[in-house]
Amino acid sequence: MKGKNCLIFGGSGQIGRHLIRKLTKNDYKVIVVTRNIHQKGHIIKTQGNAGYIDIVEANIFDEAKIKNLFKRADICINLIGILYEKKRSSFKNIHTLFPSLLAKLSKQNKLKHLIHLSALGVSEATESEYAKSKLEGEKEILKNFPLSTILRPSVVYSVDDNFTTNFMTLLNRLPVFPLYYNGQTKFMPIHSSDLVDIIFNIISKDIYSQIIECVGTETLTLKEIIEKLLNLIDKKRILLPVPLFFGKLTAKFFQLFPKPLLTEDQLKLLRYDNILSGKYKTNSDIGFPAKCLFEKEVEKYCYMWRQGGQFSKKNIS
């Protein structure tokens, strides 16, 4: 009998919300763990029909409480990740120690599957603490629970993301936009709905494959992404390549903010292309190629950054 109870960590994020809707629509029951039920509960509970979602407030390092949740689950899905460190939320804690704990509990409770969201390019970006912590987390998972499936997506985008929406906000406000490494870093952006379809099919079709690289339909440089976003919001801006020295100075300044626009570690990540490595299976290899086109999907919500909003005219240039 296929597992029908999914324990989800990170369910209030853009991928989590899409995934909860997909799972509950297909009669899977979900247990969603959140740190603050008052802030996140109303978001999570609206993603599926009553009776299909159980929201539990817990600190992810409260091992006693987390352990009890595993007794009710068939499948564990970890979507938790951070882009910058703060207080107890260090890369090591979130990307290495926590996934290791989940793998051990999955083994102890004989779960059917553990699906863990990592990131594309973590094997190559050896200078980045973010990447190193992600890679160590993968190793811990596979060591403690070999039945796991690790997904390595390229940058994930949707109306709820912190990628296209942040860029369009900045492009809307800044007359000049800096390009680090001349904007030549390559990405293969994948839409959140495509990634959710991959996760759902891995669950429903019992697909086991240790590492899967998940990418969208196009390979775009950072400069090409910025140019597409500018065209969509109908703005003209100066795209200025900046020296690495200046980039490091701005990163040192921005990372002092509560929600940094750029950190020194993220600047190191930009040195490396975020594309297929050729070493692992891809979402196409397992039968689920991405369908969404970057520009067409962003066009659906870019009006929020255009003059006139939803009543603005489409840029046909």
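Residue numbers run consecutively from 1 along every chain, following the written order of its sequence. For this predicted model, a pLDDT threshold of at least 70 governs which residues receive local features, and a threshold of 80 or more governs which side-chain atom pairs are given and counted, while totals over whole chains, interfaces and linings are taken from all residues. Excluding hydrogens and water, the side-chain figures rest on all heavy atoms present in the structure.

Novice: Quick rundown of the pattern of salt bridges? Include the residues and the values.
Specialist: For this document, the term salt bridge refers to a Lys or Arg side-chain nitrogen within 4 Å of an Asp or Glu carboxyl oxygen. Tallied over the entire structure, the rule returns 13 salt bridges. Where Arg17 meets Asp160, a salt bridge forms, and the shortest distance between an N and an O atom there is 3.4 Å. In this pair, Arg17 is assigned in helix α1 (residues 14-25) and Asp160 in the loop between β7 (156-157) and α6 (164-173), connecting sequence segments 143 residues apart. Among the ionic pairs, Lys252 bridges to Glu264, the shortest N-O distance being 3.3 Å. A residue pair is termed long-range when its members are at least 10 positions apart, and Lys252 in helix α9 (residues 244-254) and Glu264 in helix α10 (residues 264-269) qualify at 12 residues. Helix numbers and strand numbers start at the N terminus; a helix is a DSSP run of H or I with at least 4 residues, a strand a run of E with at least 2.

Novice: Just give me the short version of a positive patch on the surface, but keep the residues and values in it.
Specialist: On the surface, a cluster of positive charge is made up of Arg35, Lys40, Lys86, Lys87 and Lys259. Tracing the sequence through the fold places Arg35 in the loop between β2 (29-34) and α2 (37-45). Taking the relative accessible area as the measure of exposure, Arg35 reaches 65% and is therefore exposed. Residues qualify for a patch when their relative accessible area is over 30% and they have no salt bridge, like charges being joined within 9 Å and the nonpolar side chains of Val, Leu, Ile, Met, Phe, Trp and Tyr within 5 Å. For the area figures, the Shrake-Rupley method with a 1.4 Å probe applies, and any residue is considered shielded solely by the protein chains shown. In summary, the charge assignment counts Lys and Arg as positive and Asp and Glu as negative, without counting His or the chain termini. Here the site of a charge means NZ on Lys, CZ on Arg, CG on Asp, or CD on Glu. With a 1.4 Å probe rolled over the protein chains alone, any residue whose accessible area is under 20% of its type maximum counts as buried; one over 50% counts as exposed, and the rest are partly exposed.

Novice: How would you explain a nonpolar patch on the surface if you had to name every residue and give the values?
Specialist: Nonpolar side chains collect at one region of the surface, where Val159, Tyr303 and Met304 lie side by side and expose about 260 Å² of accessible area between them. Secondary-structure assignment places Tyr303 in the segment after α11 (294-299).

Novice: Hey, could you go over the environment of Lys228 for me, with residue numbers and the actual values?
Specialist: Tracing the backbone shows Lys228 in helix α8 (residues 222-232). Along the backbone, Lys228 and Gly278 are 50 residues apart, and their C-alpha atoms lie at a distance of 27 Å. In this structure, Lys228 is in contact with Leu220, Phe294 and Glu295, ignoring residues within four places of it in sequence. Contact criterion: two residues are considered in contact whenever any of their non-hydrogen atoms come within 4.5 Å of each other.

Novice: Give me the lowdown on the sheet that holds strand β4 (residues 75-78), citing residues and values where you can.
Specialist: Two strands are counted as paired when DSSP detects at least two bridges linking them. Here 8 strands make up an open sheet; going across it, the order is β3-β2-β1-β4-β5-β6-β11-β14 and the pairing parallel. The outermost strands of the open sheet, each flanked by one partner alone, are β3 (53-57) and β14 (281-282). Bridge count between β4 and strand β5 (residues 113-117): 4 bridges; the pairing is parallel. Within the sheet, the bridge partner assigned to Ile75 lies in β5 and is His113. This element, helix α5 (residues 129-144), spans β5, β6 (149-153) and β11 (211-214) of the sheet and lies at about 160 degrees to β6. The angle between two axes is taken between their N-to-C directions and runs from 0 to 180 degrees, where each axis is a line fitted to C-alpha atoms and a helix contributes only its stretch in contact.

Novice: Lay out unusual backbone geometry with the relevant residues and their values.
Specialist: Positive phi is not limited to glycine here, since Asn182 has a value of about 60 degrees. When you line up the elements, Asn182 lands in the loop between β8 (176-180) and β9 (186-187). Of the residues examined, Asn182 reaches a relative accessible area of 46% and is grouped as partly exposed. Phi is positive for Asp206, which is not a glycine, with a value near 55 degrees.

Novice: Outline the packing of helix α4 (residues 91-108) against α5, supporting the account with residue identities and numerical values.
Specialist: Two elements in contact, α4 and α5, have axes whose closest approach is 8 Å; the angle formed by their N-to-C orientations is 10 degrees. Our classification of the angle between α4 and α5 gives roughly parallel. Counting all contacts with α4, which are made through Phe91, Lys92, His95, Thr96, Pro99, Ser100, Ala103, Lys104 and Lys107, the residues of α5 involved are Glu129, Tyr130, Ser133, Lys134, Glu136, Gly137, Glu140, Ile141 and Asn144. In the scheme used here, Gly and all other residues not listed as nonpolar or charged are polar, with Ala, Val, Leu, Ile, Met, Phe, Trp, Tyr, Cys and Pro taken as nonpolar and Asp, Glu, Lys and Arg as charged. Of the residues that constitute the contact of α4 with α5, the class distribution is 5 nonpolar, 6 polar and 7 charged. Should an angle lie under 35 degrees it is considered roughly parallel, over 145 roughly antiparallel, and from 65 to 115 roughly perpendicular; all remaining angles are considered oblique.

Novice: Go over the packing of aromatic side chains with me, naming the residues and quoting the values.
Specialist: Where two aromatic rings form a pair, the distance of their centres and the angle of their planes describe that pair. A pair of Phe, Tyr and Trp rings is counted when the ring centres sit within 6.5 Å of each other, with Trp represented by its six-membered ring. The angle between the planes then sorts it: under 30 degrees is stacked, over 60 is edge-to-face, the rest tilted. Taken as a whole and assessed by the stated rule, the structure comprises 11 aromatic pairs. Consider the rings of Phe167 and Phe177, whose centres lie 5.8 Å apart with planes at 70 degrees: the pair is edge-to-face. With Phe167 in helix α6 and Phe177 in strand β8, this residue pair connects regions lying 10 residues apart in the sequence. Residue Phe167 shares its accessibility class with Phe177, and that shared class is buried. Measuring from centroid to centroid gives 5.7 Å for Phe253 and Phe254, while their planes differ by 55 degrees, and the two rings are tilted. Through pairs of rings, three or more aromatic residues link up here, namely Phe163, Phe167, Phe177 and Phe187. Criterion for a charge above a ring: Lys NZ or Arg CZ within 6 Å of the ring centre, and within 35 degrees of the ring normal. Across the ring face of Tyr28, the terminal group of Lys4 is positioned such that the distance to the ring centre comes to 4.5 Å.

Interpretation note: all reported values are geometric properties and have no functional meaning in isolation.
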